[in-house]
Number of protein chains: 2
Amino acid sequence: MNQDYIRPNEWSIIEEGFDAERVKSSESLFSIGNGAMGQRANFEETYSGETFQGSYIAGVYYPDKTRVGWWKNGYPEYFAKVLNAPNWIGIKVLVNGTELDLATCKKVSVFKRELNMLEGWYKRSFEAVLPNDAQVEVHITRFLSLELDEVGAISFDISLKNMDGEVTFIPYLDSGITNEDSNWDDKFWNTTKVSSSGNRAFIEAHTMKTHFKTCTFMQASLDYKGVSIPGTLETSTDTFVSLQFSQKVLKGEKLTLTKFGGYTVSRNHPEDALVDAANEALDKATNLGFENLLEKQKEAWARIWEMSDINIQGDIKAQQGIRFNIFQLNQTYLGTDSRLNIGPKGFTGEKYGGSTYWDTEAYCIPFYMATKDEMVARKLLKYRYNHLEKAIENAEKLGFTNGAALYPMVTMNGEECHNEWEITFEEIHRNGAIAFAIYNYYRYTGDYSYIPEMGLEVLIGIARFWHQRANFSTLRNKFVILGVTGPNEYENNVNNNWYTNYLAQWCIQFALEQLTKVKEGYPEDYKRIMGKTNLTPTECDAWKKVADSMYFPYSEEYGVYLQQDGFLDKDLVKVSDLERSERPINQKWSWDRILRSPYIKQADVLQGFYFFEDHFTTDELEKHFDFYEPFTVHESSLSPCVHSIQAAKLGRMEQAYTFYLRTSRLDLDDYNKEVEEGLHITSMAGTWMSIVEGFGGMRVVNDTLSFEPRIPKQWDAYSFKVNFRNRIIKVKVASNELTFELNGDNGISILVRGKAHELLPKMPLNVN
Amino acid sequence: MNQDYIRPNEWSIIEEGFDAERVKSSESLFSIGNGAMGQRANFEETYSGETFQGSYIAGVYYPDKTRVGWWKNGYPEYFAKVLNAPNWIGIKVLVNGTELDLATCKKVSVFKRELNMLEGWYKRSFEAVLPNDAQVEVHITRFLSLELDEVGAISFDISLKNMDGEVTFIPYLDSGITNEDSNWDDKFWNTTKVSSSGNRAFIEAHTMKTHFKTCTFMQASLDYKGVSIPGTLETSTDTFVSLQFSQKVLKGEKLTLTKFGGYTVSRNHPEDALVDAANEALDKATNLGFENLLEKQKEAWARIWEMSDINIQGDIKAQQGIRFNIFQLNQTYLGTDSRLNIGPKGFTGEKYGGSTYWDTEAYCIPFYMATKDEMVARKLLKYRYNHLEKAIENAEKLGFTNGAALYPMVTMNGEECHNEWEITFEEIHRNGAIAFAIYNYYRYTGDYSYIPEMGLEVLIGIARFWHQRANFSTLRNKFVILGVTGPNEYENNVNNNWYTNYLAQWCIQFALEQLTKVKEGYPEDYKRIMGKTNLTPTECDAWKKVADSMYFPYSEEYGVYLQQDGFLDKDLVKVSDLERSERPINQKWSWDRILRSPYIKQADVLQGFYFFEDHFTTDELEKHFDFYEPFTVHESSLSPCVHSIQAAKLGRMEQAYTFYLRTSRLDLDDYNKEVEEGLHITSMAGTWMSIVEGFGGMRVVNDTLSFEPRIPKQWDAYSFKVNFRNRIIKVKVASNELTFELNGDNGISILVRGKAHELLPKMPLNVN
């Protein structure tokens, strides 16, 4: 780990003491979001020190022109940029004419940040001595409302400690913002109108190219001793508008500025009604008032936690870690809008332009299936169904035909928007994860209807892709898949990546099985789909031939499948034998050296063993784990969770626990020295899996939920809840206790360590 | 071929008729240069149609920031941009106040361009009807002087055909120029002073970052009926200066503007003396006058042709092609400055930033060795010796140690400046070509002194690189070289590219041999080099182990070495079975599809058979040629020449002739649909090799020049000269005649078809 300043606490993320070096990291860690928008924990008042400003609106992006040294055919013309949106939180504060700026204060003390995950609010408080010797005490509370998801609220309290004086608040909106990653000085926002009315102000702006129209709005009010103080318009420029409130205050008396602000967007409103919608949102917020809106926030978060909390006893850092992960996932995506997805940095930074990676299918869907209504996972699947046409176009750009679909590596709207050839064109295993998620959804929820309604068309497009992408090797008398990048992105353009070949084979087999099932069970759907796809028995036979004769690289010597052809030619030095100073290799080594090394960025063969655990014996898992884990450097946030789950399954609890801590506190402890760029949102679902699937050993076996619970010796107990087919099952594991409780009206059979038990409503089940 | 408008002519490149669509292509084809500077054949007068402006100064470049979508460790921070330099050729022409602009003329007729290769000048003439109905006849002659290599000269004749009138010439200098490839609107030139004095003007400007200081200068004079007409200063801005000459002319009378212009550069003069140097150059040019300077141009080119001409009888297009190639090579590099090298586009375009590729060693050195004094080739070798420290730094950036040297893929000053990982980091075979050139230079010239003086240090650095770059495969019990790109850039990051492995083995063996020879023959040099490199016998043993146990992929089934591991897994469809519409694949296919195909961009295994022909039997060559040629798409300009030479050796004259035409007329006939971007200069040396080594069958065998002449049936006869160890040998080949002539005072033994002959001065030798 690289930092350790976050105070351990069960329900809160807490920082104490002001350190300018930590501002950017804390801006990431204390980020808030409500699924519709989110923002880094930037200061409201002016801060002239190092900061990374970020406020993001879900689904609003900019297609930046792809610029590379050497163009290669097939590159997408643009990549999606996660856009910093106009600032609505800003409040300049002057005391006797001198501006409050923590970077210029003579002294800052009792500085504290708290992100309360239980209730969904963020507080910052401090005392400071301004350059003019005014001593102030400040308390700020901020939250993005779940109740009114276009609205955020700020309560900014200030009092003077050593004198009477005049305090001026200048709350503002600013659309003259930039992106940190705007290398080419492009302008992303075009501001069309700045206006104000009483204590409200509005900036209408649209994104360049994509023309997302937005109204950024605010309303401010000042309260002193229970009296409301009126404000005036202070400034209005092309991209800026501010109000001004001034008040003489007595020493020790509290002055409170309340600011509501946020965005209305053309994705959700008619383009010409954005200001009206903003006024409406502000009216609702005003009617409720800050305190009532905060109450509703607490209630909304209580409902989320009711279903998704994991409680760990006896290990406060592990507890804090898992709650932070669950909290951030819920801040990012709540499953209310099937046009949205789960960006790898959520609303906490700009990196990895685009919102949707295979992370969603491989990591996030299991979390959302088990902690929300199944409709949420269905929406995530439907998102891909809605992009099927674009996936077919994407495959066509690469020379595929006949409805073959290649889902993009990164996307905002279904189009590919990443531009490294070794990833965009070759990391095609992502296509398999999308098919796997359809299988996984059905396996977990039992809801088959998705397959005839939508899933089968996706499966056909994907099977067509694999059929065309494989070629027959006369040398091997097998089908091979050449020139791919597996999940381990520290190998590029390899032949016969085992994981990819295995997934390709499985995708074809699964598609063929579903074709038979839909034909038998849903003849109307079958007819519609056959008409739409022109699929023929001859084509299915050709797919089958590929699946039946797929080549898998294998080492007789080691008894393991090889990550790819030629893996054993490498200099097989284990990670433990590498100098500490050489790591992380992605920061220390040139790319070619990484590529020819045996080092594995994240689970690759083992990702296949994770997806298809039931295809292999535990002995086989152990052999592969023992072969590959020693070469794995875990330099992807998606790596430790899979290894934690497999280590737990192999009974290696120390190792499982180490991987768990690494995944759950990746950002809190800044393992990868980059938390200031934002949080690793999608891998947080992997942390959840580490507990539920790893320690809890939860699986679905033939429509039945099965558990193999284990507990790390560092913990006294842990408990979690899952929603399985509309029953809420609570599992509590302690070293000498194992309890299952059912919330709902109908009993259910479960398997515990292979043995069937009936779990009845209001009848906790203790297993030995 | 894609165009056929160049008139066949033995000594000139001729275009007739004005076609705006061809302007950019002709600007490339009619480019002129004198080794120190060069320029595209842009019009002097204003042209508002499509044009690609380019004037280039040897050795003046700009290090543009590397910008890629995703940064990879080891990327060079910049890539060298070939810079468009300030324009000195510009002459605005007004007739009765209306500007001459071929894009706006009512009519353009008898338009003709001629690039006279024999004498080294470029002429353009036309008649045109201006928008104001003035009919003009124009003749312009331009050349870049070999005598005064900072000076170019223009003679611009105009006469009015249908009226008396007033003609105004506005000759100008302009440093407000841009690069076509400046994607990011960066400014490359900073103009510091614009001045004029009488009929002269100067713009002092320096490049950003690299701070090459330049003075662009001009002098103009107008002559009418033998009378010199004075001019005045017309305009002077921050980046522009012009003179003005006006004269009333009678219908049919000729008016001539003579303009001298060019550059003085801080590479060659003290920084504060550039204007003085410019005045001095102009004084010299003025003293000689346009006509005398042109006479000296003809004499200088006569001397070049005396040594390097190849005459082909009975095939005018083949004749034109080879002379165009020889002419352009000499326009680009004359061997007078060891700081310079041979850019792939010479002075004809911007593409492929950087001036030095492995093309120099693999293709250009043989041409310069045989057509110039051996000191020219030695200068090209010394260029790399001077960059040895940078090559060691380059290797260090990629993690190599102990003085291992990796020469850059592309460079201006020894630093790597290309930024595709698959090329920059992996196309390491270039290192072998640099060692091979040292061997080839010694083999051809017999001058061993270069090796103890400079070459051995380079060989040690290169051997160290290969030793470290290979790794031992316990699986194969051999050394392997993983993650490379061979000469065939349609494969990236492959394992055990045969060509690379073979070259690596040879480099080590050759270095070890030279160590022994230098130790025995040049003990002082040996001591100095050992002191400098800290080379130990133990280290040499370690190198030897790698060379002795190098792995080479081989197919028993086909009896051929495989281009790389896994080549036979590909779908082995021959090029002849591809749809015509699919080609060129680099324009039609996405990169991943190219990579997994069997198609070969340029000779790869066959490049090894070309370098090391004497290591293999003709049967082996034939087997490999027959295996690989059918998969070769020749989408690199460097491809057809090697295949032409090998086809000739195998007695396949039809095929050899087809490849010859393709290489020699690549640009004239625009085979690759890109001539408007500039010419393929370095591959032109390959054309020369196709005749001398291919048809002439010239080799050096144990210090003796050997010939196996053949003649394509399309030709009546061909002849060439070579400088071999200070004898000039002229070879003439006809279907029924084979003559050798010696120019010099000492006789020499040669081999003809394996039989020894004595060639004596002034005694032509007729063989059978």
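Residues numbered from 1 in each chain as written. Chains lettered and ligands numbered in written order. Predicted model: local features only at pLDDT ≥ 70, side-chain atom pairs only at ≥ 80, totals over all residues. Heavy atoms only, no water.

1. Things to note about the overall build of chain A
In terms of helices and strands, chain A carries 19 helices and 33 strands. Computed over the C-alpha atoms, the radius of gyration of chain A is 27 Å, within 12% of the 27 Å expected from 2.2 N^0.38 for a compact globule of 768 residues. Counting only C-alpha atoms, chain A reaches 85 × 60 × 55 Å along its principal axes. Across the 768 residues that make up chain A, the buried fraction comes to 65%. In chain A, of all internal contacts separated by at least 6 residues, the share reaching a separation of at least 24 is 69%. Of the roughly 26600 Å² of accessible surface on chain A, 46% is carried by carbon and sulfur atoms. The average position of the 82 basic charges and that of the 106 acidic charges among the side chains of chain A differ by 1 Å. (Helix = DSSP H or I, 4+ residues; strand = E, 2+ residues; numbered from the N terminus. Rg over C-alpha atoms; globule rule 2.2 N^0.38 Å. Buried < 20%, exposed > 50% of the residue type's maximum accessible area, 1.4 Å probe, protein only. Contact = heavy atoms within 4.5 Å. Areas by Shrake-Rupley, 256 points an atom, 1.4 Å probe, with all protein chains shown as cover. Lys, Arg positive; Asp, Glu negative; His and termini not counted. Charge placed at Lys NZ, Arg CZ, Asp CG, Glu CD.)

2. Let's talk about the interface of chain B and chain A
On the chain A side, the residues contacting the 50 residues of chain B number 49 residues. Both sides of the chain B and chain A interface together cover about 4100 Å² of buried area, and 50% of this is carbon and sulfur. Between chain B and chain A we count two salt bridges in total. Its salt-bridge partner being aspartate 569 of chain A, residue arginine 476 of chain B comes within 2.9 Å of it at the nearest N-O pair. (Buried area = accessible area lost by both parts, 1.4 Å probe. Salt bridge = Lys/Arg side-chain N within 4 Å of Asp/Glu carboxyl O.)

3. Let's talk about the nonpolar core
With 492 residues, the main nonpolar core has Phe169, Ile729 and Phe740 of chain A together with Phe169, Ile729 and Phe740 of chain B as its most contacted residues. Ignoring sequence-local partners within four residues, the contact set of isoleucine 729 of chain B consists of Leu705, Phe720, Lys721, Val722, Phe724, Phe740, Glu741, Leu742, Ile748, Ile750 and Leu759 of chain B. (Core = buried A, V, L, I, M, F, W, Y, C linked by side-chain atoms within 4.5 Å.)

4. Structural notes on the sheet that holds strand β31 (residues 748-752) of chain B
All names here are of chain B. Ordered by their spatial adjacency, four strands build an open sheet running β26-β27-β31-β32, and the pairing between neighbours is mixed. Each edge of the open sheet carries a strand with a single partner, namely β26 (699-701) and β32 (755-759). Neighbour to neighbour, the strand axes of the sheet diverge by 40 degrees on average, direction disregarded. Bridge count for strand β27 (residues 704-707) against β31 is three bridges, and the pairing is parallel. Bridging across to β31, leucine 705 finds its partner in isoleucine 750. (Pairing = 2+ DSSP bridges. Axes fitted to C-alpha atoms, helices over the stretch in contact; angles between N-to-C directions.)

5. Concerning the environment of serine 145 of chain A
Residue and element names in this part refer to chain A. Take serine 145: it is sitting in the loop between β11 (135-144) and β12 (151-160). In this structure serine 145 comes out as buried when scored by relative accessible area, which is 1%. Through-space distance from the C-alpha of serine 145 to that of alanine 285 is 9.5 Å; in sequence the pair is 140 residues apart. Setting aside its immediate chain neighbours within four residues, serine 145 contacts Asn34, Val151, Gly152, Leu293 and Gln297.

6. Some points on the packing of aromatic side chains
A complete count under the given rule lists 127 aromatic pairs over all chains for this structure. Taking 6.2 Å as the distance between ring centres and 25 degrees as the angle between the ring planes, the aromatic pair formed by phenylalanine 111 of chain B and phenylalanine 126 of chain B counts as stacked. Separated by 15 residues along the polypeptide, phenylalanine 111 of chain B in strand β9 (residues 107-116) and phenylalanine 126 of chain B in strand β10 (residues 121-129) bring together distant segments of the chain. We note that phenylalanine 111 of chain B, like phenylalanine 126 of chain B, is buried. The positively charged end of arginine 22 of chain A is found above the aromatic ring belonging to tyrosine 5 of chain A, 4.2 Å away from the centroid. Between the NZ or CZ atom of lysine 92 of chain B and the centre of the ring of tyrosine 172 of chain B, over which it lies, the distance is 5.8 Å. (Phe/Tyr/Trp six-rings, centres within 6.5 Å; stacked < 30°, edge-to-face > 60°. Lys NZ or Arg CZ within 6 Å of the ring centre and 35° of its normal.)

7. A few points about the relation of the copies chain B and chain A
Placing chain B over chain A gives an RMSD of 0.1 Å and needs a rotation angle of 180 degrees, together with 0.1 Å of translation along the axis. Taken together, the rotation and translation describe the operation of a two-fold axis. When the interface residues of chain B are mapped onto chain A, 98% of them again lie at the interface, so the same face is used by both copies. (Least-squares fit on C-alpha atoms with pLDDT ≥ 70 in both.)

8. A short note on the packing of helix α4 (residues 359-371) of chain B against helix α5 (residues 374-386) of chain B
Residues and elements named next belong to chain B. In the contact formed by α4 and α5, the axes pass within 8 Å of each other and the chain directions differ by 155 degrees. Between α4 and α5, the angle falls in the class roughly antiparallel. In this structure, α4 uses Thr360, Glu361, Ile365, Tyr368 and Met369 to contact α5, whose residues at the interface are Val376, Ala377, Leu380, Leu381 and Arg384. A breakdown of the residues in the contact of α4 with α5 according to their chemical character gives seven nonpolar, one polar and two charged. (Parallel < 35°, antiparallel > 145°, perpendicular 65-115°, else oblique. Nonpolar A, V, L, I, M, F, W, Y, C, P; charged D, E, K, R; others polar.)

9. Describing the UniProt feature "domain: Glycoside hydrolase family 65 C-terminal" (unreviewed entry) in chain A
Feature annotation in UniProt assigns "domain: Glycoside hydrolase family 65 C-terminal" (unreviewed entry) to the following positions: residues 698-759 of chain A. The distance from the first to the last C-alpha atom of residues 698-759 of chain A is 15 Å, and the span holds 0% helix and 65% strand. (UniProt positions renumbered as here; feature names shortened; annotations may be inferred.)

10. Here we look at the packing of helix α10 (residues 498-521) of chain A against helix α12 (residues 537-548) of chain A
Between two packed helices, the angle of one axis relative to the other and the distance separating the axes together describe the packing. All names here are of chain A. Running from N to C, α10 and α12 point in directions that differ by 140 degrees, and their axes come no closer than 9 Å. Relative to α12, α10 is oriented so that their crossing is left-handed. Across the interface between the two elements, Gln505, Ile508, Gln509, Ala511, Leu512 and Leu515 from α10 touch Cys540, Trp543, Lys544, Val546 and Ala547 from α12. Residue composition of the contact of α10 with α12, grouped by class: eight nonpolar, two polar and one charged. (Left-handed = near helix turned anticlockwise from the far one by under 90°.)

11. Comments concerning the pairing of strand β11 (residues 135-144) of chain B
Residue and element names in this part refer to chain B. Among the ten residues that make up β11, seven are buried, leaving the element largely enclosed by the rest of the structure. Turn length for the β10-β11 hairpin, with the two strands adjacent in sequence and antiparallel, is five residues, and the turn residue aspartate 133 shows positive phi of about 70 degrees. Direction of pairing for β11 relative to strand β12 (residues 151-160): antiparallel, over a ladder of nine bridges. Each bridged residue has a counterpart across the sheet, and for threonine 141 the counterpart in β12 is serine 155. As consecutive antiparallel partners, β11 and β12 are separated by six residues.

12. Topic: the sheet that holds strand β26 (residues 699-701) of chain A
Two orientations exist for strands paired in a sheet by backbone hydrogen bonds: parallel and antiparallel. All names here are of chain A. With mixed pairing, the four strands of this open sheet are ordered in space as β26-β27-β31-β32. Strands with a single pairing partner mark the edges of an open sheet, and in this sheet they are β26 and β32 (755-759). On average, each strand axis in the sheet is tilted by 40 degrees relative to the strand beside it, whichever way the strands run. Sheet analysis places β26 next to strand β27 (residues 704-707), joined by three bridges and oriented antiparallel. Within the sheet, the bridge partner assigned to valine 700 lies in β27 and is leucine 705.

13. Some details on helix α16 (residues 618-628) of chain B
Residues and elements named next belong to chain B. Where α16 is concerned, the buried positions are Leu621, His624, Phe625, Phe627 and Tyr628. Taken down its axis, α16 places every buried residue within 165 degrees of arc, on the same side. Those residues of α16 that are buried lie in contact with β25 (560-561), α15 (605-611), α17 (639-649) and α18 (653-664). (Arc of directions from axis to C-beta.)

14. Here's the deal with the state of the cysteines
Residues and elements named next belong to chain B. Summed over the entire model, instances satisfying the criterion amount to zero disulfides over all chains. Lacking any disulfide linkage, cysteine 364 is separated from the closest cysteine sulfur, that of cysteine 641, by 10 Å. Counting only cysteine sulfurs, cysteine 364 is the nearest neighbor of cysteine 417, a cysteine outside any disulfide, at a range of 17 Å. Classification of cysteine 417 as buried rests on a relative accessible area of 3%. (Disulfide = S-S within 2.5 Å.)

15. A closer look at the environment of arginine 142 of chain A
Residues and elements named next belong to chain A. Summarising the element assignment, arginine 142 is placed in strand β11. Considering only alpha carbons, one finds arginine 142 and arginine 124, 18 residues apart in sequence, at a separation of 8.6 Å. Those residues in contact with arginine 142 that lie beyond four places of it in its chain are Ile32, Gln39, Arg40, Ala41, Asn42, Glu44, Ile89, Trp121, Tyr122, Ala153 and Ile154. There is a polar contact of 2.8 Å between the side chain of arginine 142 and the side chain of glutamine 39. (Polar contact = N/O pair within 3.5 Å; in protein donor to acceptor, adjacent residues only side chain to side chain.)

16. A look at unusual backbone geometry
Between arginine 583 of chain A and the following residue, proline 584 of chain A, the backbone shows a cis peptide bond with an omega angle of -5 degrees. With respect to the secondary-structure elements, proline 584 of chain A resides in the loop between β25 (560-561) and α13 (585-588). Phi at aspartate 703 of chain A is positive, roughly 70 degrees, even though this residue is not glycine. Along the chain, aspartate 703 of chain A falls in the loop between β26 and β27. Positive phi, close to 50 degrees, is recorded for lysine 225 of chain B, a residue that is not glycine.

17. Let's talk about the side chain of serine 308 of chain B
All names here are of chain B. Among the structural elements, serine 308 can be located in helix α2 (residues 274-308). Assessed through its relative accessible area of 1%, serine 308 is described here as buried. At a separation of 2.8 Å, a polar atom in the side chain of serine 308 contacts the main-chain carbonyl oxygen of isoleucine 304. Beyond its immediate stretch of four places on either side in the chain, serine 308 contacts Ile326, Asn330 and Thr371.

18. Regarding the pattern of salt bridges
The full count for this structure, using the stated rule, is 90 salt bridges over all chains. Its salt-bridge partner being arginine 593 of chain A, residue glutamate 582 of chain A comes within 3.5 Å of it at the nearest N-O pair. Placement of glutamate 582 of chain A in the loop between β25 and α13 and of arginine 593 of chain A in helix α14 (residues 591-596) is noted, with a sequence separation of eleven residues between them. As a salt-bridge pair, lysine 213 of chain B and glutamate 271 of chain B come within 3.4 Å of each other at their nearest N and O atoms.

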